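What follows is the residue order along each chain.
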Amino acid sequence: QQQVKQSPQSLIVQKGGISIINCAYENTAFDYFPWYQQFPGKGPALLIAIRPDVSEKKEGRFTISFNKSAKQFSLHIMDSQPGDSATYFCAASRVSDYKLSFGAGTTVTVRA
Amino acid sequence: DAGVTQSPTHLIKTRGQHVTLRCSPISGHKSVSWYQQVLGQGPQFIFQYYEKEERGRGNFPDRFSARQFPNYSSELNVNALLLGDSALYLCASSGTGGFSRGQPQHFGDGTRLSIL
């Protein structure tokens, strides 16, 4: 069973626009929520991560919003650039556990 | 510094054969995890090893096995290959302390396994 559900499956955004990807989880024991970026032919690369003690974390153009009561978290990519075109995965884990549970991924295409 | 390295990059096998995939972690990392990524899906956890001991296992059949060597490199073995084993196999390494100490998993570029 998929422990992390991710949507949308794909999205297209114009250069300079905002990309929003949403994830939901069921396991309330999860307390570590990273986002990974994957380019074709490459492995996933950590983008940004959040713990449930904060509701928002920002790193450059990437922001994670976290809603503990709703068991949801999202990634916002501001001022999207063509180089951001990639597949994005949300994931969840317990900090005491190395096992990451991934969402199904969102393919983002940024049109110039 | 070198990242996580995996070999081979591509592999073609036939049903019923066995395969061995190799992973070298980032220097100083003692934890290695293996994931299977089927085309169009997110990675699925297979195994995690720390200090040469298995610390976690995902929902995979006994045909899948792994081990970690004294130099912290690792092998993933799959026996009696099935068509459904066709996937990208990813290795990830982590520093001591795991996520609680700000040690994320760093992934290699994977081994693309195709079963004919």
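The coordinates are above.
Criteria and thresholds
Residues numbered from 1 in each chain as written. Chains lettered and ligands numbered in written order. Predicted model: local features only at pLDDT ≥ 70, side-chain atom pairs only at ≥ 80, totals over all residues. Heavy atoms only, no water. Helix = DSSP H or I, 4+ residues; strand = E, 2+ residues; numbered from the N terminus. Contact = heavy atoms within 4.5 Å. Buried area = accessible area lost by both parts, 1.4 Å probe. Salt bridge = Lys/Arg side-chain N within 4 Å of Asp/Glu carboxyl O. Polar contact = N/O pair within 3.5 Å; in protein donor to acceptor, adjacent residues only side chain to side chain. Nonpolar A, V, L, I, M, F, W, Y, C, P; charged D, E, K, R; others polar.

A. Layout of the environment of L46 of chain A. Note that L46 of chain A resides in strand 5 (residues 45–50). In this structure, the C-alpha to C-alpha distance between L46 of chain A and Q3 of chain A, residues 43 residues apart in sequence, is 19 Å. Excluding anything up to four places from it in sequence, L46 of chain A contacts P34, W35 and Y36 of chain A together with P104 of chain B.

B. Region of the structure containing the interface of chain B and chain A. If you look at the interface, chain B gives 23 residues, while chain A gives 19 residues. For the pair chain B and chain A, the summed buried area comes to about 1600 Å², and 60% of that belongs to carbon and sulfur atoms. Viewed at the interface, chain A and chain B are joined by one salt bridge. Among the ionic pairs, K42 of chain A bridges to D109 of chain B, the shortest N-O distance being 3.6 Å. Our count for the contact surface shared by chain B and chain A stands at four residue pairs in polar contact (both at pLDDT 80 or more). Its residues placed into classes, the side of chain B that touches chain A shows eight nonpolar, 14 polar and one charged.

C. Focus on the environment of Q38 of chain A. Tracing the chain through its elements places Q38 of chain A in strand 4 (residues 33–38). In this structure, the C-alpha to C-alpha distance between Q38 of chain A and S74 of chain A, residues 36 residues apart in sequence, is 17 Å. Ignoring any residue separated from it by four or fewer positions in sequence, one finds Q38 of chain A in contact with G43, P44, A86, T87 and F89 of chain A together with Q37 and L88 of chain B. Within the local environment of Q38 of chain A, its side chain forms a polar contact with the backbone oxygen of K42 of chain A, the two atoms lying 2.8 Å apart.

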